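One-letter residues, chain by chain:
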Amino acid sequence: MSNRAHVVALVAVLLMAVPIGAVAEKPDARGSSDHPVLTRYPGSRIQVYKQVDFDRYPLALGVEKNAPARVQPIEGRVTKIGYVNPSGRSAFEIYRNYEDALRKAGFEKLWSCEAGACGRAMNWNALNGLTASGGPNDIRYLVARAQARDQVVTVAMAVNTTGTTVHIVESKAMDTGLVTASAAELAAGIERDGHMSVYDLHFDPSRAELRPESKASLDEIARLLRERPTLELLVVGHTDATGGLEMNMKLSADRAASVVRALTTDYGIAPARLAAHGAGPLAPVASNRSEQGRAANRRVDLVER
């Protein structure tokens, strides 16, 4: 069985138990189809469809000040589907059915928000094309992930009163599932949110020394600082929840200090522009119950000061 078929088999039960809604009056968009990983809510029709064999996708795992936050870029085959919801079904009902189906199919929820918790003026479309317009009580957002063999499937979806947008990214499995952010992407994230998470800074378990494969990310951070000579950063280390709190607080601070030391020693960045701090497991972006969640929590944040 192929990896793709294995993933499809994993989630074949999705939305099978959903109550049948009204049949869509208009046909689907030409050339469109449901993704084999995730079927539509019955009665919905496809209005927007786009698929790219390989692309980079900005995955939002939080919301701050009515905008997506804690953005993690992932890459792979990207499918974007926009559905028109059937009449007579609430956004809450449709969202709950997707949420339950993904959970039963073995997906790990990375982050979600409902109603006012998603922000009153959320503009997901500005980030990654997820449409979620509507009043503060209408918006629902969900990110979930499943792994089968050497493939990871990430689902990001937004539901409102009139439509459901589903984005599916099929990636090769990696330690974190994330890719190196460029200096431009780091700058954009810091300008937008005041901070940016970096995942391709690698350390051995329970150690604070940077591994050689961290160089690509260090290059981009140094480029960012050189291109913006007035930018000053707090370099904040984060860990998962494995081990004791005191140990993780020290480990996260030591790792942040290693990053600062590399930038000042190897790249000539002025020490006064950087300050190292550790937050340990105190600010998770995902559940620590799975390896995917723990990997998402192990990161270094660049915070503008």
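This text goes with the structure placed above it.
Described in the following lines is the structure provided in the data block. (Residues numbered from 1 in each chain as written. Predicted model: local features only at pLDDT ≥ 70, side-chain atom pairs only at ≥ 80, totals over all residues. Heavy atoms only, no water.)

If you tally the helices and strands in the chain, you get seven helices and twelve strands. A fraction of 67% describes how many contacts in the chain between residues 6 or more apart in sequence connect residues 24 or more apart. Carbon and sulfur atoms make up 52% of the accessible area of the chain, which totals about 13,800 Å². (Helix = DSSP H or I, 4+ residues; strand = E, 2+ residues; numbered from the N terminus. Contact = heavy atoms within 4.5 Å. Areas by Shrake-Rupley, 256 points an atom, 1.4 Å probe, with all protein chains shown as cover.)

Taken as a whole, helix H4 (residues 183-193) has its buried residues at Ala183, Leu186, Ala187, Gly189, Ile190 and Asp193. Buried residues along H4 cover an arc of 165° about the axis, so they all sit on one side. Among the exposed residues of H4, those pointing more than 90 degrees away from its buried face are Ala184 and Glu191. Trailing H4 by a residue or two, Gly194 shows a phi angle of about 85°, which is positive. (Buried < 20%, exposed > 50% of the residue type's maximum accessible area, 1.4 Å probe, protein only. Arc of directions from axis to C-beta.)

Attention now moves to the environment of Glu209. Residue placement: Glu209 occurs in the loop between strand S9 (195-198) and helix H5 (215-227). We classify Glu209 as partly exposed; its relative accessible area is 45%. In this structure the C-alpha to C-alpha distance between Glu209 and Ser258, which are 49 residues apart in sequence, comes to 6.4 Å. Excluding residues that lie within four positions of it along the chain, Glu209 makes contacts with His202, Phe203, Asp204 and Ser258. A polar contact of 3.2 Å, which involves the side chain of Glu209, links it to the side chain of Arg207. (Polar contact = N/O pair within 3.5 Å; in protein donor to acceptor, adjacent residues only side chain to side chain.)

Attention now moves to the side chain of Thr264. Residue position: Thr264 is located in helix H6 (residues 245-265). There is a polar contact of 3.1 Å between the side chain of Thr264 and the backbone oxygen of Arg261. Other than its neighbours up to four places away in sequence, Thr264 contacts Ile269, Ala270, Pro271 and Leu274.

This model, assessed by the stated rule, comprises 20 salt bridges. For Arg40, the salt bridge goes to Asp34, with nearest N and O atoms at 3.0 Å. Given the relative accessible area of 18%, Arg40 is considered buried. One salt bridge in this structure joins Arg77 and Glu170, with 3.8 Å as the shortest N-O distance. Residue Arg77 is located in strand S4 (residues 71-84), and its partner Glu170 is located in strand S8 (residues 163-172); the two are separated by 93 residues in the primary sequence. Given a relative accessible area of 25%, Arg77 falls into the partly exposed group. (Salt bridge = Lys/Arg side-chain N within 4 Å of Asp/Glu carboxyl O.)

One way to put it is that H5 packs onto H6 with a least axis distance of 10 Å and a crossing angle of 65°. When the axes of H5 and H6 are compared, the crossing they make is right-handed. Contact residues: Leu218, Ile221, Ala222 and Leu225 in H5; Val259, Ala262 and Leu263 in H6. When its residues are assigned to classes, the contact of H5 with H6 shows seven nonpolar, no polar and no charged. (Axes fitted to C-alpha atoms, helices over the stretch in contact; angles between N-to-C directions. Left-handed = near helix turned anticlockwise from the far one by under 90°. Nonpolar A, V, L, I, M, F, W, Y, C, P; charged D, E, K, R; others polar.)

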